[in-house]
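Letter by letter, the chains look like this.
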Amino acid sequence: MATHDEPRFEGTRPYFGVPFIFYSSLQGRLVVDLSGRPVGRLHDLAVTAAETYPAVTALVIRLGRIESFPLTARWRDVDSLDGRVVRLKVPVEGLVPGRIALAEQAFWVNHVLLDRQIVDTAGAKVVRVNDLHFLWTGAGDLYLVHVDVGFRGLVRRLGWSDAIDGAVRWITPHARYLSGERLITWRYVQPLTLEGSGDALRLTVPRKELSDIHPAELADILTELDGRERESVFRALEPAAAAEALTEVEPKIRQRLIASVPPERAADILEEMPPDEAADLLAALPEPESNLLLQRMERDEAKDVQELLQYAPNTAGGMMTTELIALGAHLTAAEALALLRSLARDVELIYYLYVVDPAERLQGVMTIRHLLLADPQARLEDIMQREPVGVLPDDTRERVAEVVEKYNLLAVPVLDAEQKLLGIVTVDDVLTHMTALAWKWKLGKR
């Protein structure tokens, strides 16, 4: 498997001078001090995530097998990796007893990464780390450059490489298993846990990359993860990315995720969501929690959501969104286009343009295409389609679906008894409902 524009490295022999080294070949290696006295076995490596590729800063040495005692050495005190031995520049007395506390952006790779899940932000999937790949420089520095997510990495760590590789080579000499490693460059992964506590590892570059994943793929990742790791990923997202992911996950997960962040951050995320999605989420929360989040939201966004919360979820009012473009009937086509440029910044998707009178009563509807083809001086009231089809806020979801299907609409306006435009129900929300209904029919649950 190729590794995202990175070459595949075969230099895995564990001795000084070979640039690339697997962690499995370092772990358990004998460590000797300045005088050549055995100190113990290499047990873990500390790296700092302050740069794109984490540099190794320290190593933990285990002294004894049954009741082992850890010692910590700084990586700059390593003289060489000679054969199967790690040679130090200092005597054993220069080592620090125990495992030292690390800086904020540092962590122990054995404890944090191995056998844990990571998010492959290039492939947008969850993978498990079986081994780690380090680069050894001529100056003696060691950098974490790849994670190994392949089966061969697991075999190597278990110490079965010679037996398994020999058997595969004998049975199938050209097997793909023998020719490549499944390595993913560190730049494309986002660790989920720090020191096993479930806290997000604070890496700005991977966090930004994680936010660039398509919301549907990010929702799949959140669904696959365990509860603590799922919350850790969610907390690492920017509010806009978190909002998009919430709209894609199932309601129960959505409620757990929004409850996992502080109220101020939850309010920021809700403000980024479409009003109808935010209203659905708040309606599913306990009333005290829902009211608290509404209080923390900006006034305009909270007002839009509160208006939607008054309608039952299974009605047109409960399905509608207030994100739409409404234009005055007196405007000319040229004036409407100029206004549309400024209004469009606040509306993610524009299905139709709705023409209203000063009392916000719906007069007509048109598409952007109709507006572009119209005479710039023509008034909207003269080019709009009059008497558009609409639904009442108390109409059922089935009624809304019937209207959308019958008139082949991308969105249907929701009107009160006086024809005032309250919002629109978009076709994607109708399809979501009808898909769920079809499954109920199929499973005989209706």
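Before going into details, it helps to say that this report is about the structure given with it. (Residues numbered from 1 in each chain as written. Predicted model: local features only at pLDDT ≥ 70, side-chain atom pairs only at ≥ 80, totals over all residues. Heavy atoms only, no water.)

## Overview of a negative patch on the surface
Then step 1. A contiguous patch of negative charge, built from Glu 217, Asp 220, Glu 224, Glu 244, Glu 248, Asp 268, Glu 272, Glu 298, Asp 300, Glu 301 and Glu 348, is present on the exposed surface.
Then step 2. Among the secondary structure elements, those contributing two or more residues to the negative patch are α7 (215-224), α11 (263-272) and α14 (299-309).
Then step 3. Element by element, the count of residues in the negative patch is highest for α7, at 3 residues.
Then step 4. In this fold, Glu 272 is placed in helix α11. (Patch = residues over 30% accessible without salt bridge, like charges linked within 9 Å, V, L, I, M, F, W, Y side chains within 5 Å. Areas by Shrake-Rupley, 256 points an atom, 1.4 Å probe, with all protein chains shown as cover. Salt bridge = Lys/Arg side-chain N within 4 Å of Asp/Glu carboxyl O. Lys, Arg positive; Asp, Glu negative; His and termini not counted. Charge placed at Lys NZ, Arg CZ, Asp CG, Glu CD. Helix = DSSP H or I, 4+ residues; strand = E, 2+ residues; numbered from the N terminus.)

## A closer look at the packing of α11 against helix α13 (residues 287-296)
Then step 1. Here α11 crosses α13 at 75°, and the two axes come no closer than 8 Å. Judged on the interaxial angle alone, α13 and α11 are roughly perpendicular. Two secondary-structure elements touch here, α11 through Pro 263, Glu 264, Ala 266, Ala 267, Leu 270 and Glu 271 and α13 through Leu 292, Leu 293 and Arg 296.
Then step 2. In terms of residue class, the contact of α11 with α13 is built from 6 nonpolar, no polar and 3 charged. (Axes fitted to C-alpha atoms, helices over the stretch in contact; angles between N-to-C directions. Parallel < 35°, antiparallel > 145°, perpendicular 65-115°, else oblique. Contact = heavy atoms within 4.5 Å. Nonpolar A, V, L, I, M, F, W, Y, C, P; charged D, E, K, R; others polar.)

## Side note on the sheet that holds strand β18 (residues 362-366)
Then step 1. Here 4 strands make up an open sheet; going across it, the order is β16-β17-β18-β19 and the pairing mixed. Each edge of the open sheet is held by one strand with a lone partner, namely β16 (325-328) and β19 (385-386). (Pairing = 2+ DSSP bridges.)

## Describing α14
Then step 1. Considered for burial, the residues of α14 that qualify are Ala 302, Val 305 and Leu 308. Here the buried residues of α14 occupy an arc of 125° about the axis, which is enough to place them on one side. Exposed residues lying more than 90 degrees from the buried face of α14 are Arg 299, Asp 300 and Lys 303.
Then step 2. The inward-facing, buried residues of α14 contact α12 (275-284), α13 and α15 (316-319). (Buried < 20%, exposed > 50% of the residue type's maximum accessible area, 1.4 Å probe, protein only. Arc of directions from axis to C-beta.)

## Here we look at empty space enclosed by the protein
Then step 1. All told, the structure shown has 1 cavity of 30 Å³ or more when counted by the stated rule.
Then step 2. Each pocket or cavity is described by its volume, and for the largest cavity that value is around 40 Å³.
Then step 3. What lines the largest cavity is simply Glu 323, Leu 324, Ile 325, Val 347, Leu 349, Ile 350, Tyr 351, Tyr 352, Tyr 354 and Ile 424.
Then step 4. By residue class, the composition of the lining of the largest cavity is 9 nonpolar, no polar and 1 charged. (1 Å grid on protein atoms, 1.4 Å probe; cavity = no way out; pocket = protein on both sides within 12 Å on 5 of 7 lines; lining within 4 Å. Points joined across faces, edges and corners; volume = space filled by probe spheres on them.)

## Let's talk about the pattern of salt bridges
Think of it this way: side chains of opposite charge can pair up when their charged atoms draw near.
Then step 1. Enumeration over the complete set of coordinates arrives at 8 salt bridges.
Then step 2. One salt bridge connects Arg 74 with Asp 77, and the closest N-O pair in it is separated by 3.1 Å.
Then step 3. Since its relative accessible area comes to 8%, Asp 77 is described here as buried.
Then step 4. A network of salt bridges, in which partner residues are shared, links Asp 33, Arg 37 and Glu 93.

## So, the pairing of strand β17 (residues 353-356)
Then step 1. Burial of β17 is two-sided: the residues Leu 353 and Val 355 facing one way and the residues Tyr 354 and Val 356 facing the other way are all buried.
Then step 2. Where β16 meets β17, 4 bridges bridge the pair, whose relative direction is parallel. Looking at β17, one finds that Leu 327 is bridged to Val 355.
Then step 3. Of the crossover connections in this fold, the one passing from β16 over helix α16 (residues 333-343) to the parallel β17 is right-handed.
Then step 4. Relative to β18, β17 runs antiparallel, the two sharing 4 bridges. When the bridges of β18 are listed, Leu 353 appears paired with Met 366. (Right-handed = clockwise from strand over helix to strand, strands pointing away.)

Interpretation in functional terms is not warranted from these geometric data alone.
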